[in-house]
Amino acid sequence: MKTRTSVALTVGILTLAAGLIVVAAQGGPAATVLAKTEKPALSAKPTPTTSPASSATPTAKTAPLFQPPSEQDMPKDEFGKTVKMGQDIFEHTERYASQYVGKNSSLNCSSCHLDGGRLAHSAPLWAAYVSYPAYRSKNKHVNTFPERLQGCFKYSMNGKAPPLGDPVLVALESYAYWLASGAPIDPKIAGRGYPKVPSPPLPRDYARGQQVFEQHCAVCHGADGAGQPDANGQPNFPALWGAKSFNWGAGMGSLKNASGFIKANMPLGLGGSLSDQQAWDVATFMNSHERPQDPRFKGSIADTRAKYHDSPDDLYGTTVNGQLLGQGTPPDSQGAKK
Ligand code: HEC
Ligand code: HEC
């Protein structure tokens, strides 16, 4: 796709420039980042890893992956217009559905569902579409597909769920349905969700995660994790934590999801290049920082942890480096714009 390629190229060029600055400043390990990120992003399939514990990573999967239809086959009729609107909302959520996006959010749906929701192992929309209705332990009832879409607005986008039947949900559902053209109805379809990264050999570690972050992530997501805004036609690098990121109720807050997403997809264009250990460590570092409060907050961090976050994969309500996590960011970063 044209737009994607130019984003990928710009990402490469930006990284090249940023890498040069870092290299000039410290002559350090950023040189490897520089050389590697010249590859175009998103075309990359996960590459083999040297980690012995990686047998469950996407590279080892043998089932053929479903191929969604290509953009030029999008219907040109009235239905096609709604499909296209769904794609626009998915890739530029702030521009086309701002009333449901968190005030400060720097994210689009496609920040975590890469290549416009097409990329396998990045929770692609075509696999999601054929997997609902489904029971979810998160809210303890059978969710329809539109209800599943609502959840990502409320938590991942730190915004507000569009009401059922809202044109925004109709457009997103139409886009997902079209992407799934010809796919079997099967919640076990290959490429669904994010891959499961095996438990690392060493316990997850904040300090090692910080090193991975500084070496492989900060160049795009910023040294403070706040991302870099979309300016002068350059792509948006979304925030990994803080007021502009997903909130404490989001799925990416689980270390399992975060390590899987990161291992398969990050650094952008170099999915599969981190070891399992590095993926877990950097996910731990990322999720050890404050972000907007969980909208289900019960008035106390301990009660909210007990009710919604009681899992070893979840750092909400735990103490890291003397800081109790789950305090949230300032209240004006919470909730949708309008
Ligand atoms: C911060 C990252 C993030 C953002 C932004 C995000 N999502 Fe998600 N999304 C996730 C995670 C994590 C999951 C859970 C994946 C899993 O459980 O396998 C998920 C799951 C989903 C699913 C279900 C996938 C499945 O196979 O069951 C759908 C559909 C979905 N998101 C749509 C959206 C839409 C629409 C938006 C924008 C309004 C959006 N997401 C924004 C991270 C994100
Ligand atoms: C070359 C630039 C680049 C590098 C390096 C990079 N990312 Fe990203 N990352 C992106 C972009 C761009 C997106 C959004 C994807 C899109 O819009 O297509 C993203 C999305 C994400 C997201 C989901 C959205 C969010 O903000 O929560 C996470 C999590 C993430 N990256 C983590 C990492 C981690 C951890 C590293 C280091 C191991 C890393 N990234 C390295 C460019 C980069």
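In the block above lies the structure referred to throughout.
Residues numbered from 1 in each chain as written. Chains lettered and ligands numbered in written order. Predicted model: local features only at pLDDT ≥ 70, side-chain atom pairs only at ≥ 80, totals over all residues.

1. Here's the deal with the site of ligand 2
Thinking step 1. Around ligand 2 there are 30 residues in total, and Cys217, Cys220, Pro238, Met266 and Pro267 lie nearest to it.
Thinking step 2. Elements that contribute at least two residues to the shell around ligand 2 include exactly α1 (2-26), α9 (206-216), α10 (218-221), α11 (255-265) and α12 (276-286).
Thinking step 3. Residue contributions to the shell around ligand 2 reach at least three from each of two domains, namely domain 1 (2-61 + 195-333) and domain 2 (71-179). (Near = placed C-beta within 6 Å. Helix = DSSP H or I, 4+ residues; strand = E, 2+ residues; numbered from the N terminus. Domains from an automatic or database assignment.)

2. Things to note about the nonpolar core
Thinking step 1. Ranked by internal contacts, the top residues of the largest apolar core, which has 59 residues, are Leu172, Tyr175 and Ala176.
Thinking step 2. Taken together, the elements giving at least two residues each to this core come down to α3 (78-91), α6 (125-129), α7 (145-156), α8 (167-179), α10, α11 and α12.
Thinking step 3. By residue number, the principal contributor to this core is α8, which donates eight residues.
Thinking step 4. Counting the residues that make up this core, at least three belong to each of domain 1 (2-61 + 195-333) and domain 2 (71-179).
Thinking step 5. Residues within four places of tyrosine 175 in sequence aside, it is in contact with Val83, Gly86, Gln87, Phe90 and Leu125. (Core = buried A, V, L, I, M, F, W, Y, C linked by C-beta atoms within 7 Å. Buried ≥ 20, exposed ≤ 12 C-beta atoms within 10 Å, placed from the backbone. Contact = placed C-beta atoms within 7 Å.)

3. Side note on the site of ligand 1
Thinking step 1. As a structural note, the neighbourhood of ligand 1 is formed by 25 residues, with Cys109, Cys112, Cys152, Gly193 and Gly251 the closest of them.
Thinking step 2. Among the elements of the structure, α6 and α7 are those that each provide at least two residues to the shell around ligand 1.
Thinking step 3. Sort the elements by how many residues they give to the shell around ligand 1 and α7 lands first, with five residues.
Thinking step 4. Mapped onto the domain boundaries, the shell around ligand 1 takes at least three residues apiece from domain 1 (2-61 + 195-333) and domain 2 (71-179).

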